[in-house]
Amino acid sequence: MKPTVAGRQHAVKALAEPPPRTPAGDAFTTLISQVIQLIRQFTVAGEALAKPAGQTLARWLVLETVDPAPATVAQIARTMHLARQSVQRLADVLVRDGYAVYEDNPAHRRAKLLRPTPQGRSALRAIQAAQVAWADRLGAELGEAELQQASAVLDRVLQTVRDPAFSPESR
């Protein structure tokens, strides 16, 4: 049975305007918008920090993940919360360009370990030094106490958002 014109119009009207948010909901939505803008700015900054060392932000993060100890592509992907295939492509590029190597994994015959080469560690150290200087400048401008307060608030937001009771599906 086909819906009536009135029924279809009601559906269109219902979708036209969402219900109003509470002041707390508005504040949360503003925070989400600001966090998204920060992510964009951090991505731009990360690319700028990595570029002088001949790297990208993504390659930097993979190198940093395997710097303390070699890891498989699957382990790196889990650590970074990324798809294994995207990490595989980055790892292959790092190996191709001489910044990392695959080595045998005593725990698994087929899953090789990715390890930075001396060239990879050198690039990573250059990026890390640039990041330290950048973070120190920003930290001095914003102030340690204010940043710690913001960090505490964001930590509480993360804990709450991760709580299954607040999942969008649990409405």
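A brief look at the structure comes next. Numbering of residues starts from 1 in each chain and follows the order in which that chain's sequence is written. Local features in this predicted model are restricted to residues of pLDDT 70 or higher, and side-chain atom pairs are both shown and tallied only at a pLDDT of 80 or more, whereas totals for entire chains, interfaces and linings draw on every residue. Here the side-chain values reflect all heavy atoms present in the structure, with hydrogen atoms and water set aside.

**A word on the overall build of the protein chain**
Worth spelling out the cut-off: Put simply, DSSP H or I for four residues or longer makes a helix, DSSP E for two residues or longer makes a strand, and each gets a number counted from the N terminus. Each residue gets one of three labels from its accessible area relative to the maximum for its type: buried under 20%, exposed over 50%, partly exposed in between, using a 1.4 Å probe on protein chains only. We call two residues in contact when some of their heavy atoms are within 4.5 Å. Only the protein chains shown count as cover for residues, with accessible areas throughout obtained via the Shrake-Rupley method and a probe of 1.4 Å. When charges are tallied, Lys and Arg are placed among the positive residues and Asp and Glu among the negative ones, while His and the ends of the chain are skipped. In this description, the location of a charge corresponds to atom NZ of lysine, CZ of arginine, CG of aspartate or CD of glutamate.
Helix and strand content of the protein chain: seven helices and two strands. Ordering the α and β elements of the protein chain from the N terminus gives α-α-α-α-α-β-β-α-α. Overall, the protein chain is about 70 × 50 × 30 Å in size when its C-alpha atoms are taken along their principal axes. Burial statistics for the protein chain: of 171 residues in total, 20% are counted as buried. Sequence separation of at least 24 residues holds for 48% of the intrachain contacts in the protein chain that already meet a minimum separation of 6. Carbon and sulfur atoms make up 60% of the accessible area of the protein chain, which amounts to about 12600 Å² in all. Taken together, the 21 basic and 16 acidic charged side chains of the protein chain have centroids lying 11 Å from each other.

**Section: helix α3 (residues 57-66)**
Burial in α3 covers these residues: Leu57, Arg59, Trp60, Val62, Leu63 and Val66. The secondary structure elements touched by the buried residues of α3 are α2 (23-50), α4 (73-80), α5 (84-96), β2 (108-116) and α6 (118-142).

**Considerations on a nonpolar patch on the surface**
To keep it simple, the criterion reads: Excluding any residue in a salt bridge, patches collect residues exceeding 30% relative accessible area, merging like charges within 9 Å and nonpolar Val, Leu, Ile, Met, Phe, Trp and Tyr side chains within 5 Å. Salt bridge, as used here: a side-chain nitrogen of Lys or Arg that lies within 4 Å of a carboxyl oxygen of Asp or Glu.
On the surface, Phe28, Ile32, Ile36 and Val161 cluster together to form a nonpolar patch covering roughly 330 Å² of accessible area. Inspection of the secondary structure puts Ile36 in helix α2.

**Brief notes about the nonpolar core**
Put simply, the rule is: To define a nonpolar core, start from buried Ala, Val, Leu, Ile, Met, Phe, Trp, Tyr and Cys residues and group those joined through side-chain atoms within 4.5 Å.
Of all hydrophobic cores here, the largest spans 23 residues; its most connected members are Trp60, Val62, Ile76, Leu94 and Leu114. For this core, the secondary-structure elements that each account for two or more residues are α2, α3, α4, α5 and α6. Here this core gets five residues from one element, more than from any other, and that element is α3. In contact with Val62, other than residues within four places in its own chain, are Ile76, Met80, Leu90, Leu94 and Leu114.

**Digging into the side chain of Asn105**
Basically, it comes down to this: Polar contacts here mean pairs of N or O atoms no more than 3.5 Å apart (in protein, one a potential hydrogen donor and the other a potential acceptor; neighbouring residues in sequence count only if both atoms are side-chain atoms).
Here Asn105 lies in strand β1 (residues 100-105). A distance of 2.9 Å separates a polar side-chain atom of Asn105 from the backbone nitrogen of Ala107. A polar side-chain atom of Asn105 sits 3.0 Å from the main-chain carbonyl oxygen of Ala111. Setting aside its immediate chain neighbours within four residues, Asn105 contacts Thr72, Ala111, Lys112 and Leu113.

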